[in-house]
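Structure at a glance
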Amino acid sequence: MTEEFDLLEPADDPGDEWEELDVSDTEADRIARRQDREFSEFRKRLKDADQFKLDGSVFDDATLAAIYKLVQDGYITAFGGPVSTGKEANVFEAFGEDESQEVAVKIYRINSSNFTQMREYLEGDPRFEGIASDKKATVLAWTRKEFANLRRAYDAGVRVPEPIAVQRNALVMELVGHADDRARRLSEVTVENPETAFEVVREYMRRLYRVGLIHGDLSEYNLIVHDGELVVIDLGQAVTVHHPNARTFLERDCRNVAAFFSRQGLEVSADDLAAAVTEPEPEPGGNSDEE
Ligand SMILES: Nc1ncnc2c1ncn2[C@@H]1O[C@H](COP(=O)(O)OP(=O)(O)OP(=O)(O)O)[C@@H](O)[C@H]1O
C-alpha cells in the first residue's frame, strides 16, 4: 500500500534556528526566502499529484498552505487517494505521524455550493457568534465547528472518528477502516442485527444530546460501519441545543433514523426516539423502582 502514498518531505521546522541565530534582517530574510521556496516546491508537487487532479478548485494557494502547515507539524506524512468527493468537501486518506497511523483529511471547498445552508446552521450557534458573513469566513468557521463537534462527541463516548488537527479548511481525523478495506455506509450494508444497531444509534443520539449537541443530518448515510462497529460521521452541521432550530433538526434526525430502522422491520417511531433522546438523565442517587 505504501507505494500508493506520495511521501511528503516537509521542510525542517526553523523554530530552533530562530532562537539560536542572531536574527538580523538579512538572516530573517534568508529564512523567509527558503520557506517560500520550500512551500512553492511543495505546492507544485501537490498540484502535480494524480489524486489531487480531481477538482482543482480545492487546492487554492491558501488551502495548500494549510496542508503544508499540517505536514510541517507532523500530522500528515504521506497522501493516499481520494476517499470521497462530497457536496462540500473532498476526503483523502493519508498517513498520520507514521505509516502505522492512517488518517482521513477532509478539505472543505471554499466555493461550497451549500454556503447559504451553512450560514443557517452557524447563525444561532452561540459558539460562532459574530463570524463574518463572507464565504471564506463561513467555511473556515464550519471546519472548526466540525472539529469542535467531533471532539465533544468523542469525549462524550460517541463513536466518531477521533479528531486530530484542524488548519483553516482542512481537518485531520482518524480514518475509519483502512485504505484497502473501506468502511461502508449503513445504507450500503445488510444490517445483521437491526435491534442492536438501533439501540446503538439511539444511545449515540442520547449521549450527543446530553453534551448539548444535535447531529442535524443523521441518517443511514452518515453512519459508517467497520468491524461490526457503527461510527457517526459528518458532524459539521451539528448544532447545540440552544440553536433556534434545534428541535426541528432533532425531529428530522429522529424521522430519518426511525424510517431506516422501520424498513429493517423494527417497530420504531420518530416520536418515541425523540422522547428517549431528550429524556432527562436520572438524578445520581435518586430513587429507582427497585428501592
Ligand atoms: N474519518 C473517516 N474515515 C473513513 N471514511 C470517511 C471518514 N470521513 C468521511 N469518510 C467517507 O467520506 C464520505 C464523505 O464524508 P462526509 O459525509 O464527512 O463529507 P461530505 O462532504 O459532507 O459528504 P456528503 O456530501 O456525501 O455528505 C463518507 O460517506 C465516508 O465514506
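As annotated in an unreviewed UniProt entry, the chain is non-specific serine/threonine protein kinase from Halopenitus salinus. Database annotation for the chain, UniProt heading Sequence similarities (unreviewed entry): "Belongs to the protein kinase superfamily. RIO-type Ser/Thr kinase family."

On to helix α4 (residues 115-122), then. Every buried residue of α4 is listed here: F115, M118, R119, Y121 and L122. Summarising the axial view, the buried residues of α4 lie within an arc of 165°, below the 170-degree limit, and thus occupy one face. Where the residues of α4 are buried, they touch β4 (102-108), α5 (135-155), β13 (239-240) and α7 (246-263). Directly beyond the C-terminal end of α4, a positive phi value near 100° is found at G124.

So, about the packing of helix α6 (residues 194-210) against helix α8 (residues 270-278). Between two packed helices, the angle of one axis relative to the other and the distance separating the axes together describe the packing. Contact geometry of α6 with α8 gives a least axis separation of 8 Å together with a crossing angle of 45°. Between α6 and α8, the angle is such that the two are oblique. Here the hand of the crossing between α6 and α8 comes out right-handed. Together, F198, R202, M205, R206 and Y209 of α6 and L273, A276, V277 and T278 of α8 make up the contact between the two elements. For the contact of α6 with α8, the class distribution of residues is 6 nonpolar, 1 polar and 2 charged.

This part is about the site of the ligand. Around the ligand, 18 residues are found, and the nearest of them are K87, K106, E174, V176 and D234. Take K106: an N or O atom from its side chain is 2.6 Å from an oxygen atom of the ligand. With respect to the ligand, the side chain of R185 contributes an N or O atom lying 3.1 Å from an oxygen atom. For the ligand, whose accessible area on its own is 600 Å², the fraction buried by protein is 91%. Contributions of two or more residues to the shell around the ligand are made by β2 (78-85), β3 (89-95), β4 and β6 (170-174). In terms of residue class, the shell around the ligand is built from 9 nonpolar, 3 polar and 6 charged. Here the shell around the ligand spans two domains, and each of domain 1 (27-178) and domain 2 (181-278) adds at least three residues to it.

What follows concerns the packing of α6 against α7. Two elements in contact, α6 and α7, have axes whose closest approach is 11 Å; the angle formed by their N-to-C orientations is 170°. Looking at the two axes, α6 sits roughly antiparallel to α7. Two secondary-structure elements touch here, α6 through P194, A197, F198, V201, M205 and Y209 and α7 through L250, D253, C254, V257 and F261. Taken together, the residues that form the contact of α6 with α7 break down as 10 nonpolar, no polar and 1 charged.

On to the pairing of strand β12 (residues 229-232), then. Within a regular strand, the side chains alternate between the two sheet faces. As paired strands, strand β11 (residues 223-226) and β12 are joined by 4 bridges and run antiparallel to one another. For V225, the partnering residue across the bridge sits in β12 and is L230.

A few words now on the packing of aromatic side chains. Here the structure, examined in full by the defined rule, presents 5 aromatic pairs. Ring centres of Y121 and F249 lie 4.6 Å apart, and the angle between their planes is 10°; on these two criteria the pair is classed as stacked. Residue Y121 is located in helix α4, and its partner F249 is located in helix α7; the two are separated by 128 residues in the primary sequence. Assigned by exposure class, Y121 and F249 land together as buried. When the centroid spacing of 5.4 Å and the interplanar angle of 65° are considered together, the rings of F198 and F261 count as edge-to-face.

This part is about the confidence of the model for the chain. On average, residues of the chain carry a pLDDT of 86, and 84% of them reach 70 or more. In the model output, the complex is listed with pTM 0.85 alongside ipTM 0.96.

Conventions and cut-offs
- Residues numbered from 1 in each chain as written.
- Predicted model: local features only at pLDDT ≥ 70, side-chain atom pairs only at ≥ 80, totals over all residues.
- Heavy atoms only, no water.
- UniProt positions renumbered as here; feature names shortened; annotations may be inferred.
- Buried < 20%, exposed > 50% of the residue type's maximum accessible area, 1.4 Å probe, protein only.
- Helix = DSSP H or I, 4+ residues; strand = E, 2+ residues; numbered from the N terminus.
- Arc of directions from axis to C-beta.
- Contact = heavy atoms within 4.5 Å.
- Axes fitted to C-alpha atoms, helices over the stretch in contact; angles between N-to-C directions.
- Parallel < 35°, antiparallel > 145°, perpendicular 65-115°, else oblique.
- Left-handed = near helix turned anticlockwise from the far one by under 90°.
- Nonpolar A, V, L, I, M, F, W, Y, C, P; charged D, E, K, R; others polar.
- Near = heavy atom within 4 Å.
- Polar contact = N/O pair within 3.5 Å; in protein donor to acceptor, adjacent residues only side chain to side chain.
- Areas by Shrake-Rupley, 256 points an atom, 1.4 Å probe, with all protein chains shown as cover.
- Domains from an automatic or database assignment.
- Pairing = 2+ DSSP bridges.
- Phe/Tyr/Trp six-rings, centres within 6.5 Å; stacked < 30°, edge-to-face > 60°.
- pLDDT = per-residue confidence, 0-100.

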